[in-house]
Amino acid sequence: MIDKELIGPPGSPERALLDRLDLGRMPRHVAVIMDGNGRWAKQRRLPRVEGHRAGIASVRATVETAARLHLDALTLYAFSTENWKRPHLEVATLMTLLKEYVRRELATLLANDIRFRVIGRIDQLDSSVRKALQEALDATAHCKGLVFNIALSYSGRAELADAARRIAEEVAAGTLRPEDVGEDTLASRLYTAGLPDPDLLVRTSGEVRISNFLLWQIAYAEIYFTNTLWPDFRAMDFLEAIADFQKRERRFGLVTEPEPAVHRT
Ligand code: FPP
């Protein structure tokens, strides 16, 4: 049972929106492209990194809300393989923020039974970052609530290439037959193996692109774009995305309209 009090006390806008949601039709997995940190900082004449720093509060609010809504999984796109090309100071600050975040947030993750996971080319990260991530991975491995994935040094195409390479290796080793390779074979070799595909993909800041995120997994996801910049994103924005998701008719390629009656004369 969702404890609505934890998301919004009676009379709050969050509570009013939550009361309108169909709790039996919640997305199981929400993925988010966190965008607009740089613009948020620019609007305030601050350095770009201050936008990333402010974005941490949005990460915290989003993880908390996802856990309180009892979602199965939340995946946040924190750093793409392309992001390595940003100025050194920005990359270094993002890595420091990430380390600080996992260390500071660990107690909260544990208290909320949240299982932390990382997806992406983790070997490309600095050893001190990998160490901080590993501590959180190990400490939360037993947790049974929300699976919280952070995509780091992530590229959807690289993920598909990695899965294809693993399949090729298994075929070469004789442990997999080419005729047995199907969609499930590929899905089970993705970084997200075992998780439901995202039902809802949110992108902040008004950009209307997928940017190489979860290309395979979002095949049937509903996509929600909001103009809110990531550092301003809070529980209310999350609930609005879910309310919009619930208005959509998910057909998975099927038809739901009855066939028109054929009138014979
Ligand atoms: C996009 O904004 C955002 C990022 C590249 C990084 C997101 C990182 C965080 C919110 C902080 C660290 C994350 C965690 C999970 C602790 P942008 O810089 O591209 O914004 P712009 O398009 O306005 O320039």
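Rules behind the numbers
Residues numbered from 1 in each chain as written. Predicted model: local features only at pLDDT ≥ 70, side-chain atom pairs only at ≥ 80, totals over all residues. Heavy atoms only, no water. Helix = DSSP H or I, 4+ residues; strand = E, 2+ residues; numbered from the N terminus. Buried < 20%, exposed > 50% of the residue type's maximum accessible area, 1.4 Å probe, protein only. Contact = heavy atoms within 4.5 Å. Near = heavy atom within 4 Å. Polar contact = N/O pair within 3.5 Å; in protein donor to acceptor, adjacent residues only side chain to side chain. Areas by Shrake-Rupley, 256 points an atom, 1.4 Å probe, with all protein chains shown as cover. Core = buried A, V, L, I, M, F, W, Y, C linked by side-chain atoms within 4.5 Å.

A.B. asks: Would you mind showing me how to read the side chain of Q217 here?
C.D. replies: Inspection of the secondary structure assignment puts Q217 in the loop between β5 (200–203) and β6 (222–225). Residue class for Q217 comes out buried when judged on its relative accessible area of 2%. What Q217 contacts, discounting residues up to four positions off in sequence, is Y154, E159, L190, T192, D197 and P198.

A.B. asks: Please clarify how the site of the ligand should be interpreted in this entry.
C.D. replies: Near the ligand there are 17 residues, and of these D35, G38, R39, R48 and R86 occur at the shortest range. For the ligand, an oxygen atom lies 3.1 Å from a polar atom in the side chain of D35. Between the ligand and R86, the relevant distance is 2.8 Å, taken from an oxygen atom to a side-chain nitrogen or oxygen of the residue. In isolation the ligand offers 630 Å² of accessible surface; the protein chains occlude 92% of this area. Listed by contribution, the elements that provide at least two residues to the shell around the ligand are α3 (37–43), α4 (48–68) and α5 (88–111).

A.B. asks: Sorry if this is basic, but what is going on with the nonpolar core here?
C.D. replies: One broad rule of soluble globular proteins: the nonpolar side chains tend to lie buried together. Within the largest apolar cluster, 50 residues are counted, with the highest numbers of intra-cluster contacts made by V63, L69, L74, F116, L133, L146 and F148. Of the residues forming this core, the biggest block, 8 residues, is contributed by α5. Ranked by size, the runner-up nonpolar core spans 12 residues in total, among them I33, I119, Y154 and L201.

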